[in-house]
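Structural description and commentary
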Amino acid sequence: MHLRLIVPPDRSTRVRDTLVDDPRVTSVVCLPGAAQRPAGDVIECDVTREATSDILDFLRDQGLYDEGSVAVAVVESAPSRNARATEKAAPGAPDDAVIWDAVVDKAYNEASGSWSYYTFLTLATMIAAVAVVTDSSILVVGAMVVGPEFGVVAALAVGLALRNHGLTWKAAVLLVRGFAIAIVVTALAALLARAVGWVDTDSITAARPLTGFIWRPDKWSAVVAVLAGCAGVLSQTAGRSNALVGVFISVTTVPAAGDLALSVALWAPHHIGGAAAQLGINLAGMTVAGVLTLLVQRTIWRAE
């Protein structure tokens, strides 16, 4: 990991010497007086992923979070012999290390909400509704991939695991509001489609061999949600974001929201309960699994 620091001059020597003396840190560069806002010395260095949380704790104790600046970036490749020697000085595997400050920062970003979040969630729910009408498993997968909700679920899990009530509240409100907007917009679109004769109640209640599972949750729905929640949180804490695609296409949150919107708009009461239960089971399962995964990681990290 690459750190770019702005350090108040009265602490610059202490911070620099600590970084230089730590065998898990390399490529230390100090530029006295180079920073203008905030004013101070610029120090840059590369840190093994396993040591990043320790270094960030030290920097926080030195007041850099409040009176200076800390920026963390991923180093994609460091082929030098010096970098390899630095990595050997840190025990453990890089993928097992959790940078808690980065996890919390990312969670706050996910929970902040944006128009793109609401737009993608609404579009994904509408795609899922079309999948239900056409009984298309391909469109179900497409809706799962487009849906952006897991980031917010992960933020909720981080807030609960770390007892950060502000983050928990923000994530929970965003999750509820996002799905509410997506379901309402999709239901209005379904009413319009019914008005022009494109869909009717039979579109929901007819046999759907490829998408009927959406409104019929069972014990495996909970199992998959728990497994997906563990995998999703691990992929984020370990910096393996590419694994999130597999999580997106394994949980039935967005498809259930699409089915729920159609069931309400076209009035299929029997399907409303099933789709709502599927949505709730998946969200709850992922959240609980995410919290437990984070607690286990935190316990192991403290023990080390």
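Residues numbered from 1 in each chain as written. Predicted model: local features only at pLDDT ≥ 70, side-chain atom pairs only at ≥ 80, totals over all residues. Heavy atoms only, no water.

1. A word on the nonpolar core
Which entries qualify depends on this criterion: For this analysis, a nonpolar core means a set of buried residues of the types Ala, Val, Leu, Ile, Met, Phe, Trp, Tyr and Cys, connected via side-chain atoms within 4.5 Å. Three labels apply to residues, based on accessible area from a 1.4 Å probe with only protein chains included: buried if under 20% of the type maximum, exposed if over 50%, partly exposed otherwise in between. Any pair of residues with heavy atoms lying within 4.5 Å of one another is described as a contacting pair.
With 59 residues, the main nonpolar core has Tyr117, Leu175, Phe179, Leu262, Leu283, Met286 and Leu294 as its most contacted residues. The residues touching Leu294, leaving out its near neighbours within four places in the chain, are Trp100, Ala157, Val158, Ala161, Val233 and Thr237. Counting 17 residues, the second-largest nonpolar core is a separate cluster that includes Leu3, Ala51, Leu56 and Phe58.

2. So, the confidence of the model for the protein chain
Note the cut-off: pLDDT is a per-residue confidence score from the predictor, ranging from 0 to 100. Starting at the N terminus, helices and strands are each numbered in turn, a helix being any DSSP run of H or I of at least four residues and a strand any DSSP run of E of at least two.
Scored by pLDDT, the protein chain comes out at a mean of 89, with 94% of its residues at no less than 70. No element of the protein chain has a lower mean pLDDT than helix H12 (residues 244–248), at 60, and none a higher one than strand S1 (residues 2–7), at 96.

3. Considering the layout of surface pockets
For clarity, the cut-off: Cavity means a closed set of points on a 1 Å grid over the protein atoms alone, one where a 1.4 Å probe fits but cannot get out, pocket means an open set with protein on both sides within 12 Å along at least 5 of 7 lines, and lining means a residue has an atom within 4 Å of a point. Grid points are joined across faces, edges and corners, and a volume is the space filled by probe spheres set on the points. Note that Gly is not counted as nonpolar here; it falls among the polar residues with everything else outside the nonpolar set of Ala, Val, Leu, Ile, Met, Phe, Trp, Tyr, Cys and Pro and the charged set of Asp, Glu, Lys and Arg.
For the largest pocket, the calculated volume is near 1100 Å³. Taken together, 45 residues make up the lining of the largest pocket; nearest its centre are Met1, Arg49, Ala73, Val74 and Ile99. Of the residues forming the lining of the largest pocket, the biggest block, 7 residues, is contributed by helix H5 (residues 100–111). Here the lining of the largest pocket is composed, by residue class, of 22 nonpolar, 13 polar and 10 charged.

4. Here's the deal with the side chain of Asp135
Note the following rule: Charge counting treats Lys and Arg as positive and Asp and Glu as negative, with His and both chain ends excluded. By salt bridge we mean one thing: a side-chain nitrogen of Lys or Arg within 4 Å of a carboxyl oxygen of Asp or Glu.
Relative to the assigned elements, Asp135 resides in the loop between helix H6 (115–134) and helix H7 (137–146). Of the side chains with opposite charge, Arg208 lies nearest to the buried Asp135, which makes no salt bridge, at 4.8 Å.

5. Some points on the sheet that holds strand S3 (residues 39–47)
Note the cut-off: Here, strands pair whenever DSSP counts at least two bridges between them. Inter-axis angles, ranging from 0 to 180 degrees, are taken between N-to-C directions of lines fitted to C-alpha atoms, where helices are fitted over the stretch in contact.
Taken in spatial order, the 4 strands of this open sheet run S2-S3-S1-S4, and their pairing is antiparallel. The open sheet has two free edges, formed respectively by strand S2 (25–36) and strand S4 (69–73), since each of these has just one partner strand. Shown here is a sheet whose adjacent strand axes are inclined to one another by a mean of 15°, direction ignored. Relative to S3, S2 is paired through 7 bridges, and the arrangement is antiparallel. Note on S3: the bridge partner recorded for Leu31 is Val42.

6. What to know about the pattern of salt bridges
When charged atoms on two side chains of opposite charge get close, those side chains can pair. Summed over the entire model, instances satisfying the criterion amount to 8 salt bridges. The closest approach of N and O atoms between Arg24 and Asp22, which form a salt bridge, is 3.0 Å. Residue Arg24 shares its accessibility class with Asp22, and that shared class is buried. Arg60 serves as the salt-bridge partner of Asp101, at 2.6 Å between the closest nitrogen and oxygen. With Asp101 in helix H5 and Arg60 in helix H2 (residues 49–61), the pair connects residues that are 41 residues apart, well separated along the chain.

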